[in-house]
Amino acid sequence: MTEKVDSLITLAEEDFELASQPTTPPRPAAYHISQAAEKAARAVCVHEGVEVGPTHNIGQIGALLPDEHPLRQAIEDQNYQSSASTKFRYPDPVGRLPKELPKDEIDRRLDDVRKFIEMVKTHIYGSAYKPKSTGR
């Protein structure tokens, strides 16, 4: 189970890094931010032995944890990121490109998910956090 947790954290960090690049356009950045939040949330559940299943709804992932879990609310607070997993990757129902999020909103989401990932790493690893491995 530890390897899966480590892998989810590494993938969350990679999505965050992709979203953080100044050359990443806003739509892909919003998608990668949502993916980073989802993977970090999944890492918490795997760490706790909670099966997540096929959902990509971050709020539903958080709701799988007990009410008293110290990160349940933090995970549920990331739910606003959930719709970005599809909203910014496909045309709207009439075929138009989805509107881009303004740069200040992308920056706010980046800051929010950065703090969330750090919170997850601290919960899982404490002060013994291992730097990410690229698997290369």
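Residues numbered from 1 in each chain as written. Predicted model: local features only at pLDDT ≥ 70, side-chain atom pairs only at ≥ 80, totals over all residues. Heavy atoms only, no water.

### Digging into the overall build of the chain
Right, on to step 1. The secondary structure content of the chain amounts to six helices and zero strands.
Right, on to step 2. For the chain, the N- to C-terminal ordering of α and β elements is α-α-α-α-α-α.
Right, on to step 3. Compactness check: the chain gives a C-alpha radius of gyration of 15 Å against a globular reference of 14 Å for 136 residues, within 12% of the reference.
Right, on to step 4. Taking the principal axes of its C-alpha atoms as reference, the chain extends roughly 45 × 30 × 25 Å.
Right, on to step 5. Per-residue burial over the chain gives 46% buried out of 136 residues.
Right, on to step 6. Within the chain, residue pairs in contact and separated by at least 24 positions form 65% of the contacts whose partners lie at least 6 positions apart.
Right, on to step 7. Here the chain displays about 7800 Å² of accessible surface, and carbon together with sulfur accounts for 54% of that area. (Helix = DSSP H or I, 4+ residues; strand = E, 2+ residues; numbered from the N terminus. Rg over C-alpha atoms; globule rule 2.2 N^0.38 Å. Buried < 20%, exposed > 50% of the residue type's maximum accessible area, 1.4 Å probe, protein only. Contact = heavy atoms within 4.5 Å. Areas by Shrake-Rupley, 256 points an atom, 1.4 Å probe, with all protein chains shown as cover.)

### Some points on helix α1 (residues 2-20)
An α-helical turn contains 3.6 residues, so a residue and the one three or four places further along point in the same direction.
Right, on to step 1. Taking 1.5 Å of rise per residue, the 19 residues of α1 would be expected to cover 27 Å, and the 27 Å separating its terminal C-alpha atoms lies within 8% of that figure.
Right, on to step 2. Considered for burial, the residues of α1 that qualify are Val5, Asp6, Leu8, Ile9, Thr10, Ala12, Glu13, Asp15, Phe16 and Ala19.
Right, on to step 3. Along its buried surface, α1 packs onto α2 (26-47) and α6 (103-125). (Expected span 1.5 Å × (residues − 1).)

### Here we look at the packing of α1 against α2
Right, on to step 1. Following both chains from N to C, one finds α1 and α2 inclined at 165°, their axes separated by 8 Å at the closest point. Accordingly, the angle class assigned to the pair α1 and α2 is roughly antiparallel. In this structure, α1 crosses over α2, and the sense of that crossing is left-handed. Only Ala29, His32, Ile33, Gln35, Ala36, Lys39, Ala40, Arg42, Ala43, Val46 and His47 of α2 make contact with α1, whose side of the interface consists of Lys4, Val5, Leu8, Ile9, Leu11, Ala12, Asp15, Phe16, Leu18 and Ala19.
Right, on to step 2. When grouped by side-chain class, the residues that make up the contact of α1 with α2 number 14 nonpolar, three polar and four charged. (Axes fitted to C-alpha atoms, helices over the stretch in contact; angles between N-to-C directions. Parallel < 35°, antiparallel > 145°, perpendicular 65-115°, else oblique. Left-handed = near helix turned anticlockwise from the far one by under 90°. Nonpolar A, V, L, I, M, F, W, Y, C, P; charged D, E, K, R; others polar.)

### With respect to the environment of Ala36
Right, on to step 1. Note on placement: Ala36 falls in helix α2.
Right, on to step 2. For Ala36 and Val52, which are 16 residues apart along the polypeptide, the C-alpha to C-alpha distance reads 16 Å.
Right, on to step 3. If near-sequence neighbours (up to four positions away) are discounted, Ala36 is found in contact with Ala12, Asp15, Phe16, Val113 and Ile117.

### Considerations on the layout of surface pockets
Right, on to step 1. Counted as a void, the largest pocket has a volume near 180 Å³.
Right, on to step 2. For the lining of the largest pocket, the secondary structure elements donating two or more residues are α1, α2 and α6.
Right, on to step 3. Per-element accounting of the lining of the largest pocket gives the leading share, four residues, to α6.
Right, on to step 4. Tallied by class, residues from the lining of the largest pocket come to eight nonpolar, three polar and two charged. (1 Å grid on protein atoms, 1.4 Å probe; cavity = no way out; pocket = protein on both sides within 12 Å on 5 of 7 lines; lining within 4 Å. Points joined across faces, edges and corners; volume = space filled by probe spheres on them.)

### Considering the pattern of salt bridges
Right, on to step 1. If you walk through the whole model with that rule in mind, you get 13 salt bridges.
Right, on to step 2. Here Lys121 makes a salt bridge to Glu118, at a shortest N to O gap of 2.8 Å. Within this pair, Lys121 and its partner Glu118 are both found in helix α6, separated by three residues, close to a single helical turn.
Right, on to step 3. When its relative accessible area of 38% is taken as the criterion, Glu118 is described as partly exposed. (Salt bridge = Lys/Arg side-chain N within 4 Å of Asp/Glu carboxyl O.)

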